[in-house]
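Here is how the chains run, residue by residue.
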Amino acid sequence: MDSDKTAKLSFEAALAKLETIVDSMESGEVPLAELLAKYEEGSKLLKVCESRLKDAELKIEKLKKAKDGSATFEAFESTRAE
């Protein structure tokens, strides 16, 4: 996948592609050359996911500062099924 296209993916799209890559790699049926390419693509997708999560964290921090004038951190509980 093109780096520009990867960088523009939403968190959800990048995560879905990353999960597909991991599943195919775990199957053990991928030739070595393709495995290396998938690893490289997966690394790029992981960076996109980390970036999107960091951006969301910063936005939440800004919203909390704006709401009460001070930064407080609270535990985040995901409603996503694991």
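Residues numbered from 1 in each chain as written. Predicted model: local features only at pLDDT ≥ 70, side-chain atom pairs only at ≥ 80, totals over all residues. Heavy atoms only, no water.

**Description of the overall build of the protein chain**
Link 1 in the chain: Per the secondary structure count, the protein chain includes three helices and zero strands.
Link 2 in the chain: Put simply, the protein chain runs from its N terminus to its C terminus through helices and strands in the order α-α-α.
Link 3 in the chain: For the protein chain, buried positions account for 16% of its 82 residues.
Link 4 in the chain: Once local pairs closer than 6 in sequence are excluded, the contacts in the protein chain between residues at least 24 apart make up 59%.
Link 5 in the chain: In the form shown here, the protein chain has an accessible surface area of approximately 6700 Å², with 57% of it arising from carbon and sulfur atoms. (Helix = DSSP H or I, 4+ residues; strand = E, 2+ residues; numbered from the N terminus. Buried < 20%, exposed > 50% of the residue type's maximum accessible area, 1.4 Å probe, protein only. Contact = heavy atoms within 4.5 Å. Areas by Shrake-Rupley, 256 points an atom, 1.4 Å probe, with all protein chains shown as cover.)

**Some words on the side chain of Ser 24**
Link 1 in the chain: Secondary-structure assignment places Ser 24 in helix H2 (residues 11-26).
Link 2 in the chain: There is a polar contact of 2.9 Å between the side chain of Ser 24 and the backbone oxygen of Ile 21.
Link 3 in the chain: Those residues within four positions of Ser 24 in sequence are excluded, and the remaining contacts are Val 30 and Lys 38. (Polar contact = N/O pair within 3.5 Å; in protein donor to acceptor, adjacent residues only side chain to side chain.)

**With respect to H2**
Link 1 in the chain: For H2, which comprises 16 residues, the first-to-last C-alpha distance of 22 Å matches the rise-based estimate of 22 Å (1.5 Å per residue) to within 8%.
Link 2 in the chain: Those residues of H2 that fall on the buried side of the exposure criterion are Ala 14, Leu 15, Leu 18, Ile 21 and Ser 24.
Link 3 in the chain: Looking one or two residues past H2, Gly 28 carries a phi angle of roughly 80 degrees, positive in sign. (Expected span 1.5 Å × (residues − 1).)

**Thoughts on the pattern of salt bridges**
Link 1 in the chain: Per the stated rule, a full pass over the model turns up four salt bridges.
Link 2 in the chain: A salt bridge links Lys 38 to Glu 34; the shortest N-O distance between them is 3.9 Å. With Lys 38 and Glu 34 both in helix H3 (residues 32-68) and four residues apart, this pair spans about one turn of that helix.
Link 3 in the chain: For Lys 44, the salt bridge goes to Glu 40, with nearest N and O atoms at 3.7 Å. Remark: Glu 40 and Lys 44 occur in helix H3; sequence separation between them is four residues, near one turn of the helix.
Link 4 in the chain: With relative accessibility at 32%, the residue Lys 44 sits in the partly exposed group.
Link 5 in the chain: Accessibility expressed as a relative area gives 48% for Glu 40, which makes it partly exposed. (Salt bridge = Lys/Arg side-chain N within 4 Å of Asp/Glu carboxyl O.)

**Quick word on the nonpolar core**
Link 1 in the chain: Counting residues in hydrophobic clusters, the biggest one holds eight residues: Leu 9, Ala 14, Leu 15, Leu 18, Ile 21, Leu 45, Val 48 and Cys 49.
Link 2 in the chain: When residues of this core are traced back to their parent elements, those giving at least two are H2 and H3.
Link 3 in the chain: It is H2 that provides the largest number of residues to this core, a total of four residues. (Core = buried A, V, L, I, M, F, W, Y, C linked by side-chain atoms within 4.5 Å.)

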